[in-house]
Amino acid sequence: EPEEPPPAEAPQADPKSDRAFLLPSLFRDRAATVWLDYPAYMGMQREQGRDVLVELTDPRLKPLYFRSEKNINCITNACKRSGFKRLIKGQSFNLYWGRHLNEKALRALNPHQAVNHFPGSYGIGRKDYLWRNLSRMQRQHGAAYDFCAKSYILPRDREHFERDYEEGTVYIIKPPAQAEGRGIRLINRSDQLPGKGVSAIVQRYLGEPYLINGKKFDLRIYVAVTSFDPLRVYVFEEGLARFATSDYRAPGASKRSIKDRYMHLTNYSVNKRNERFERNTDASRDDEGSKWSLSATMKHLAQAGADVRALRERIHDLVVKTIIAVEPSVVSKMNAACNGRAACFELFGFDVLLDKALKPWLIEVNVACSLASSSPLDKWIKNMLMTDLFHLIGLVPFHKKALADDAEEKRRSRLLRAATEPLKRRNVFELQETPIAALDNADLGVIMQAEDELRRCGHWCRVLPCDGMGDRYLPLFEFPRYRNTILAKWMASQDWALLEPHLDVSIAERLGVSTSPRQAAASACRTTTRSSELETALATRQSLVARRPLLKANTAPEFAFACVGRTNAAAPRNGTPSTRDPGAPARGLQVEPQPVGPQGGGGECIPIRRERDEARGGAARTSPGSRGE
């Protein structure tokens with residue numbers, strides 16, 4: 001008999017690196033951000049911007065620290081191979097990943113310390129808060145919010161449920177603040193309701209799901225929000241499909257079927273206990289077993305004749321509208337906690353069910369997604385997810401004393417100007433009638449930050465701001481926001497001539513950025529191209545691991561650049577022109593990239609300080625939320 005092939009060797013973890021590289025901004029006098037590349041075993045590299053990198057060599061900005069309450073491999077590995085060290089105690093971190101911070105902790109942060117929760121994001125993370133917000137939007141906007149099943153929050157809506165109850169109809173009951181399928185059950189009789197005073201969510205059960213191989217499944221869609229004011233939302237191009245492990249039958253088919261959790265629930269934590277659960281053992285075979293990749297699922301649907309592009313657009317629309325439902329609460333809490341100064345971001349896990357007509361229905365939203373890697377497929381997707389997320393948000397090295405001095409200077413400047421210069425009036429209704437060419441530098445800063453962020457998107461696809469957002473999404477906001485209006489005007493015109501005075505032409509040319517109105521957007525986010533590249537990588541990942549030598553993460557690319565400082569050390573802070581832009585006020589140390597090597601020098605790299613035009617951050621009380629798969 002032929003010998004069995006040896007088992008595939010597990011990919012080795014990338015070694016940690018003490019070297020950090022920065023990606024310069026497209027625009028002058030804006031901060032460079034930390035560069036994060038993919039693990040070597042994935043056989044793929046981040047290409048855009050690689051030839052303009054600068055090395056971080058200033059000892060005042062090093063080391064970079066991340067703080068994580070738990071040792072999550074995909075977070076730890078992404079940070080350590082990019083020059084970060086883990087901080088166990090203390091507040092001197094560049095990146096924090098953990099529970100919601102309270103008001104005091106948020107208020108103590110500087111604008112370059114990134115934290116992974118917005119205050120108030122549990123407004124869609126808890127099932128009862130989610131349906132409360134969505135029902136409010138349904139009353140205000142009707143059919144625009146038709147992607148969630150009829151729901152009742154007990155005990156508040158018990159009377160309404162008893163009035164609407166239809167004998168024989170199947171309902172699903174969920175605890176409001178539990179995760180991983182705990183406490184979920186189906187009922188078809190009113191006497192099966194929880195007792196009076198018990199908190200629960202009761203929903204009409206979606207009894208006709210789309211089936212693959214006879215089994216029910218849901219989609220885990222990863223969503224990143226990098227700012228709530230203005231609102232910027234991204235959807236990850238890859239994700240997961242989680243399958244039930246028993247063949248599906250309608251709940252009314254038999255009394256036994258309504259009690260079969262393995263038939264009706266798609267949670268991984270539930271189905272992994274079933275003996276029929278099929279575990280993934282090979283990341284390249286992502287369309288087998290009880291968990292598929294999102295791209296493999298979409299490919300299967302396309303082969304079955306589905307319009308996958310339209311389906312993705314409906315899912316993106318569902319995501320944006322759900323985020324808008326919680327926007328007023330989050331912005332209010334941010335402003336109350338720290339006046340929006342904290343650099344918050346958030347990763348959401350949207351669970352979406354497809355019915356037999358391929359209409360997406362929102363099941364729930366997780367604010368603490370499970371990032372554990374229970375299979376090679378999980379490891380592949382979640383390592384790519386977190387690497388791209390940290391690259392997207394733009395981590396900026398900082399020097400504590402310099403930031404404190406800068407804050408004090410701005411405070412004194414405001415006091416001196418208060419008696420002579422009127423404060424700028426931000427009237428959103430006047431802005432709506434103002435041509436985009438009349439925007440001042442502070443308003444253009446909102447656009448520049450959004451465009452800079454878009455160039456770092458990797459496999460994230462920006463879904464807001466988007467074309468047509470002024471007519472499609474702005475009417476859904478409870479309050480018109482000044483910065484949202486700026487981005488809506490920008491998406492309608494995309495006149496890069498407005499930004500050319502601020503553009504770093506040499507960086508833009510090397511990044512291949514076009515400044516024509518429509519080509520700029522196309523060159524920034526090529527969803528179709530990146531999707532095909534991703535499919536190719538997913539299809540060939542196993543052969544790449546076998547054939548290509550592992551890349552050394554702590555070895556700088558040949559075309560990397562060291563960062564040589566060039567500063568007006570004796571110049572005062574009050575506006576001496578810099579050597580880089582003769583017409584602009586000095587903003588600290590200016591950076592000039594030069595090749596690494598014997599002639600490259602070993603100067604310093606200090607990110608240029610900038611004014612933040614966004615209000616991000618805030619505090620929130622800790623909420624149980626929902627988490628896991």
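Located above this text is the structure these notes cover.
Computed from a predicted structure; not experimentally measured.

Caption draft 1: Representation of the overall build of the chain within the structure. When helices and strands are tallied, the chain shows 18 helices and 22 strands. In the chain, which comprises 629 residues, the share counted as buried stands at 55%.

Caption draft 2: Looking closely at the packing of helix α4 (residues 127-141) against helix α9 (residues 308-338). Running from N to C, α4 and α9 cross one another at 100°; their axes reach a closest spacing of 9 Å. As the angle between them shows, α4 and α9 are arranged roughly perpendicular. Taking contact as the criterion, the partners of Leu130, Asn133, Leu134, Arg136 and Met137 in α4 are, on α9, Thr322, Ile324, Ala325 and Val326.

Caption draft 3: Highlighting the sheet that holds strand β5 (residues 84-86). Here we have five strands laid out as an open sheet, ordered β5-β4-β6-β7-β17, and parallel in their pairing. Two strands bound the open sheet, and with one partner strand each, they are β5 and β17 (343-344). Strand direction decides the pairing type here: strand β4 (residues 64-68) and strand β6 (residues 95-97), joined by three bridges, are parallel. Looking at β6, one finds that arginine 67 is bridged to tyrosine 96. Most of the contacts of helix α10 (residues 376-393) go to β6, to which it runs at about 135°, and overall it touches β6 and β7 (114-115).

Caption draft 4: Structural detail: the packing of helix α1 (residues 73-80) against α10. Closest axis-to-axis distance for the α1/α10 pair is 9 Å, and the angle between their directions is 50°. Judged by the inter-axis angle, α1 sits oblique to α10. As for how α1 packs across α10, the hand of that crossing is right-handed. Residue-level inspection shows Cys74, Ile75, Asn77, Ala78 and Cys79 of α1 in contact with α10, the latter providing Lys382, Asn383, Met386, Thr387 and Phe390. Looking at the contact of α1 with α10, its residues break down into six nonpolar, three polar and one charged.

Caption draft 5: Quick look at the packing of aromatic side chains. Counted under the stated rule, the structure contains 18 aromatic pairs. A centroid spacing of 5.4 Å and a plane angle of 40° characterise the contact between tyrosine 145 and phenylalanine 147, whose relative ring orientation is tilted. Overall, the relative accessible area of 0% leaves tyrosine 145 in the buried class. Taken together, Tyr152, Phe161, Tyr165 and Tyr171 form an aromatic cluster joined through their ring pairs. The ring of tyrosine 41 carries lysine 379 above its face, with NZ or CZ at 5.0 Å from the centroid.

Caption draft 6: Seen up close, helix α13 (residues 441-454). Under the 1.5 Å per step criterion, the end-to-end length of α13 is 20 Å for 14 residues, consistent within 8% with the ideal 20 Å. Among the 14 residues that make up α13, twelve are buried, leaving the element largely enclosed by the rest of the structure. Buried residues of α13: Asp443, Leu444, Gly445, Val446, Ile447, Met448, Gln449, Ala450, Glu451, Asp452, Glu453 and Leu454, and no others. Of the residues flanking the start of α13, the one acting as N-cap is aspartate 440, its side-chain oxygen 3.2 Å from the backbone nitrogen of alanine 442.

Caption draft 7: Seen up close, the nonpolar core. Residues Phe228, Ile323 and Phe350 are the most contacted members of the largest nonpolar core, which totals 96 residues. Here the element with the most residues in this core is α9; it accounts for 14 residues. What phenylalanine 228 contacts, discounting residues up to four positions off in sequence, is Phe118, Ile323, Val326, Glu327, Val330, Val331 and Met334. Of all hydrophobic cores here, the second largest spans 47 residues; its members include Val54, Phe66, Cys79 and Ile393.

Caption draft 8: A look at the side chain of glutamate 346. With respect to the helices, strands and loops of the structure, glutamate 346 is situated in strand β18 (residues 346-354). A distance of 2.6 Å separates polar atoms of two side chains, one belonging to glutamate 346 and the other to histidine 117.

Caption draft 9: Focus on the pairing of strand β11 (residues 200-204). In terms of burial, β11 is largely enclosed, as four of its five residues are buried. As judged from the four bridges shared by strand β8 (residues 151-154) and β11, these two strands associate in the antiparallel manner. Looking at the pairing, tyrosine 152 lines up with valine 202 of β11. As paired elements, strand β9 (residues 171-174) and β11 share four bridges and run antiparallel to each other. Directly across from isoleucine 173, in β11, lies its bridge partner valine 202.

Rules used throughout
- Every chain's residues receive numbers from 1 upward, in the order its sequence appears when written.
- Thresholds applied to this predicted model are a pLDDT of at least 70 for local features of residues and 80 or more for the giving and counting of side-chain atom pairs; totals over whole chains, interfaces and linings are not thresholded and use all residues.
- Side-chain numbers come from the whole structure's heavy atoms, not from hydrogens or water.
- Labels follow the DSSP assignment, with helices taken as runs of H or I lasting at least four residues and strands as runs of E lasting at least two, numbered in each case from the N terminus.
- The cut-offs for exposure are 20% and 50% of the maximum accessible area for each residue type, with area from a 1.4 Å probe on protein chains only; residues under the lower value are buried, those over the upper are exposed, and the others partly exposed.
- Whenever a helix is involved, its axis is fitted only over the stretch in contact; in every case the axis is a line through C-alpha atoms, and angles between N-to-C directions fall within 0 to 180 degrees.
- Convention used here: angles under 35 degrees read as roughly parallel, angles over 145 as roughly antiparallel, angles from 65 to 115 as roughly perpendicular, and any remaining angle as oblique.
- Only heavy atoms matter for contacts: two residues are in contact if any of them lie within 4.5 Å across the pair.
- Criterion used throughout: strands pair if DSSP finds at least two bridges between them.
- Here is the rule for handedness: rotate from the far helix to the near one, and if that takes an anticlockwise turn smaller than a right angle the crossing is left-handed, while a clockwise turn gives right-handed.
- Only Asp, Glu, Lys and Arg are considered charged, only Ala, Val, Leu, Ile, Met, Phe, Trp, Tyr, Cys and Pro nonpolar, and every remaining residue, Gly among them, polar.
- Pairing of aromatic side chains requires ring centres within 6.5 Å, counting the rings of Phe and Tyr and the six-membered ring of Trp. Pairs whose planes differ by under 30 degrees are stacked, by over 60 edge-to-face, and all others tilted.
- In our convention, an over-ring charge means Lys NZ or Arg CZ found within 6 Å of a ring centre and within 35 degrees of that ring's normal.
- Here the expected span of a helix is defined as 1.5 Å times the quantity of residues minus one.
- The definition of a polar contact used here is a pair of N or O atoms within 3.5 Å, where within protein one atom must be able to donate a hydrogen and the other to accept one, and adjacent residues in sequence count solely through side-chain atom pairs.
- By nonpolar core is meant a set of buried Ala, Val, Leu, Ile, Met, Phe, Trp, Tyr and Cys residues that side-chain atoms within 4.5 Å join together.

Shape is all these values report; function is a separate question.
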